[in-house]
Amino acid sequence: MSALPAYREPVAQEIPRHAPTAPATPARALLPLILPAVVVGVVSSLLLLLVSGVAEQLQDVLWADLPDALGVGRYSVFWMLVVLTATGVLVGLVVWKVPGHAGPDPATTGLDAPVLPAGVLPGLVLAAVLMLAGGPSLGPENPIIAVNVGLAFWLGHRLIPRMPGRVWPMLAEAGTIGALFGTPVAAALVISEALAGREAKGALWDNVFAPLVAAAAGALTTDLVAHPAFDLDLPPLGRPGWGDLLAALVIASVAALLGMCAVRVFPYVHGAFGRLRHPMLMLPAGGLVLGLLGALGGHLTLFKGLDEVAALAADPDGWTAGEFATMTVVKLAALVVAASCGFRGGRIFPAVFVGAALGLTAHALVSGVHPAVGVAAGVLGVLLAITRQGWVSLFTAAVLVSSPTIIALLCFASLPAWLLVTGRPQMQLRADGTSVR
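Numbering of residues starts from 1 in each chain and follows the order in which that chain's sequence is written. Only residues with pLDDT of 70 or above have their local features reported here, since the model is predicted, and side-chain atom pairs are shown and tallied only from 80 upward, although totals for entire chains, interfaces and linings are computed over all residues. To obtain the side-chain values, all non-hydrogen atoms of the structure were included, while hydrogens and water were left out.

Focus: the overall build of the protein
Heads up, the rule is: Numbering of helices and strands runs from the N terminus; a helix is a DSSP stretch of H or I covering at least four residues, while a strand is a stretch of E covering at least two. Taken over C-alpha atoms, the radius of gyration is set against a globule rule of 2.2 Å times the number of residues to the power 0.38. Per-residue accessibility, obtained with a 1.4 Å probe over protein chains only, is compared with the maximum for each type, and a residue is labelled buried under 20%, exposed over 50%, and partly exposed between these values. Contacts are assigned to residue pairs that have any heavy atoms within 4.5 Å of one another. Accessible areas in this description were obtained via Shrake-Rupley with a 1.4 Å probe; residue shielding takes into account the shown protein chains only. The charged-residue count follows a simple rule in which Lys and Arg add positive charge and Asp and Glu add negative charge, with His and chain termini not counted at all. Charge positions are represented by NZ for Lys, CZ for Arg, CG for Asp and CD for Glu.
Along the protein, the regular secondary structure elements total 15 helices and zero strands. Relative to the globule expectation of 22 Å for 437 residues, the C-alpha radius of gyration of the protein, 24 Å, shows essentially globular dimensions. Seen along its three principal axes, the alpha-carbon backbone of the protein occupies a region of about 100 × 60 × 45 Å. Within the protein, buried positions represent 51% of all 437 residues. In the protein, 77% of the contacts between residues at least 6 apart in sequence involve partners at least 24 apart. Taken as a whole, the protein presents about 20200 Å² of accessible surface, with 68% of it coming from carbon and sulfur. Mean positive and mean negative side-chain charge positions of the protein (22 and 23 charges, respectively) differ by 14 Å.

Structural data, given as structure tokens:
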């Protein structure tokens, strides 16, 4: 009978006690980034406010002054068809004739914007202003981020050539996201999620130091100038119960499935408009379809959706379940069409409307569903499906409802919703028309 092998003491080098850590960035390397980050953040916010302000003024002209002068109903079916089709014509002219063609196909871009040549930026700004004023269901986030990234890279590279070129896009993106949400937390979450998918040198906080400064500067500038408020002022949620947890789980999952339906048809709708082959055909056709959808869903399904979400939340019992459901489906269809036919805009803000309307549908169907729970869970599920960015989805859903207790519910609700969407396509396409996963 053979002897048992002798026990051998493990050698320390075989199983390291501590994983190697990257060296921290010295303070002298971070200090020179503060001033450029502050400037980029402030300028990013001011450009966002300028574009939004011009668009709001033009929106008042198109949807109030002009129809009143003509004796036409502001949101009559006729006027919605006229304005949205005309918006498609005007944006089509910009895409066709203006140098740079207003940037790349918006269906292929997300929050992580490419650095565009400086000559493209004026056309992209013009196309975004016309879109925001005319009523298509897209937000300002994608074009504004792209403009700020291009401008920061172009000016920064000339004014401070010794600064690494990769710094400027990160600062501009962070500053713009901070300005959009009125808080640097959103930018920190986006950047942290992006860094998790790539190899970064140094500690996490060293990598987010300068972008966080830019985001804080952008958010503070927006707060001081525009005083934004994302809280929908829904009825307060007290101590959550088991029914609230069940409602959050179900609504977030249903919202994720609904969002995935839109993601599924997105490449086909984009391909259908692409077969028209010319912006002067694609965009007017898209505008006409959006006008018909607006006539079906009502004027609250137009525009980027934030002001319209506030109108819904101001009276959560003011519509029937059927009316809320109609607005949910119409807004989602309008988002798909607007993003497919070539309008320059982002998909986050209209997705917020879709999720909020779905949550209020659940509240109208089941009175025991608290409006705050329904809205937050609905927004969470739709954003997870469309953006595939967990932290941003969770943050956006939570910030709409001023209640600390909602966060725990949303963390639980995000789990089944994430299982439904992970590994599946998102609402963004590659240049060849296939979906990004």
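The structure having been displayed, the exposition proceeds.
As for the side chain of T109
Rules: Identification of polar contacts relies on pairs of N or O atoms within 3.5 Å, with a donor-acceptor requirement for protein atoms, meaning one able to donate a hydrogen and the other able to accept it, and with residues adjacent in sequence counted only if both atoms are side-chain atoms.
Locating T109 in the fold gives a position in the loop between α2 (77-97) and α3 (121-134). Engagement of the side chain of T109 in a polar contact is seen with the backbone oxygen of P106, the distance being 3.1 Å. Residues within four places of T109 in sequence aside, it is in contact with P104, N142, R347 and Q428.

Notes on a nonpolar patch on the surface
Note the following rule: Patches draw on residues past 30% relative accessible area with no salt bridge. Two like charges within 9 Å are joined, as are two nonpolar side chains (Val, Leu, Ile, Met, Phe, Trp, Tyr) within 5 Å. The salt bridge criterion pairs a side-chain nitrogen of Lys or Arg with a carboxyl oxygen of Asp or Glu, the two atoms within 4 Å.
On the surface, L46, L220, L224 and V225 cluster together into a nonpolar patch covering about 400 Å² of accessible area. When residues in the nonpolar patch are grouped by element, the largest group, three residues, is from helix α7 (residues 204-226).

Section: a positive patch on the surface
On the surface, R264, R424, R430 and R437 cluster together into a patch of positive charge. Relative to the helices and strands, R430 resides in the segment after α15 (405-421). Of the residues examined, R430 reaches a relative accessible area of 40% and is grouped as partly exposed.

Looking at the pattern of salt bridges
Taken as a whole, this structure holds one salt bridge when the rule is applied. The partner of R74 in a salt bridge is D68, and the shortest N-O contact between them spans 2.6 Å. Judged by relative accessible area, which is 41%, R74 ranks as partly exposed.

As for helix α11 (residues 321-341)
Helical periodicity: at 3.6 residues per turn, an α-helix aligns residues three or four positions apart in one direction. Test applied: By definition here, a helix of n residues has an expected span of 1.5 Å times n minus one.
Compared with the 30 Å implied by 1.5 Å per residue over 21 residues, the 30 Å span of α11 between its first and last C-alpha is a close match. With its phi angle positive at about 120 degrees, G342 sits one or two positions after the end of α11.

Digging into helix α5 (residues 167-181)
Compared with the 21 Å implied by 1.5 Å per residue over 15 residues, the 22 Å span of α5 between its first and last C-alpha is a close match. Counting buried residues along α5, 14 of its 15 residues qualify, which places the element largely inside the surrounding structure. Phi turns positive one or two residues past the end of α5, at G182, with a value near 75 degrees.

A look at the packing of helix α8 (residues 242-274) against α15
Rules: Interaxial angles span 0 to 180 degrees and are taken between N-to-C directions of axes, which are lines fitted to C-alpha atoms, for helices over the stretch in contact. Each crossing gets its hand from how the near helix is turned against the far one by less than a right angle, where anticlockwise is left-handed and clockwise is right-handed. The nonpolar class holds Ala, Val, Leu, Ile, Met, Phe, Trp, Tyr, Cys and Pro. Asp, Glu, Lys and Arg form the charged class, and all remaining residues, Gly among them, are polar.
Contact geometry of α8 with α15 gives a least axis separation of 8 Å together with a crossing angle of 30 degrees. By crossing handedness, the relation of α8 to α15 is classed as right-handed. Contacts from D244, L245, A248, L249, A252, S253, A256, L257 and M260 in α8 reach L409, F412, A413, P416, A417, L420 and V421 in α15. Taken together, the residues of the contact of α8 with α15 sort by class into 14 nonpolar, one polar and one charged.

Considering the packing of aromatic side chains
Put simply, the test is: Classification of ring pairs uses Phe, Tyr and Trp, with its six-membered ring standing for Trp, and accepts pairs whose centres are within 6.5 Å; under 30 degrees between planes counts as stacked, over 60 as edge-to-face, and the remaining range as tilted. Only when the NZ atom of a Lys or the CZ atom of an Arg is both within 6 Å of the ring centre and within 35 degrees of the ring normal do we say a charge sits over the ring.
By the definition in use, this model includes five aromatic pairs. A ring pair is formed by W63 and Y75, whose centres lie 5.3 Å apart and whose planes are at 15 degrees; its orientation type is stacked. Pair noted here: W63 is in helix α1 (residues 27-70) and Y75 is in the loop between α1 and α2, with a separation of twelve residues, a long-range link. Accessibility expressed as a relative area gives 3% for W63, which makes it buried. A relative accessible area of 33% means that Y75 is categorised as partly exposed. Three or more aromatic residues link up through ring pairs in this structure, and these residues are W63, Y75 and F303. Between the NZ or CZ atom of K97 and the centre of the ring of W96, over which it lies, the distance is 4.1 Å. Positioned above the aromatic ring of F353, the side-chain terminus of K331 is 5.3 Å from the ring centre.

Overview of the packing of α11 against helix α12 (residues 348-365)
We count it as follows: An angle below 35 degrees is read as roughly parallel, one above 145 as roughly antiparallel, one from 65 to 115 as roughly perpendicular, and any other as oblique.
Where α11 meets α12, the axes come as close as 8 Å, and the angle between the chain directions of the two elements is 160 degrees. On the basis of their axis angle, the class for α11 and α12 is roughly antiparallel. Seen along the crossing, α11 lies across α12 with a hand that is left-handed. Residues A321, F324, A325, M327, T328, K331, L332 and L335 of α11 form the contact with α12, whose participating residues are P350, A351, F353, V354, A357, L358, L360, T361, A364 and L365. Broken down by class, the residue content of the contact of α11 with α12 amounts to 15 nonpolar, two polar and one charged.

Details of a negative patch on the surface
Together, E56, D60, D65 and D307 line one region of the surface with negative charge. By the element assignment, E56 lies in helix α1. Classification of E56 by relative accessible area gives partly exposed; the value is 45%.

Considerations on unusual backbone geometry
A positive phi angle is found at H101, which is not glycine, with a value near 55 degrees. Relative to the assigned elements, H101 resides in the loop between α2 and α3. You will see that A102, though not glycine, has its phi angle at about 60 degrees, which is positive. Residue A102 is classed as buried on the basis of its relative accessible area, which comes to 1%.

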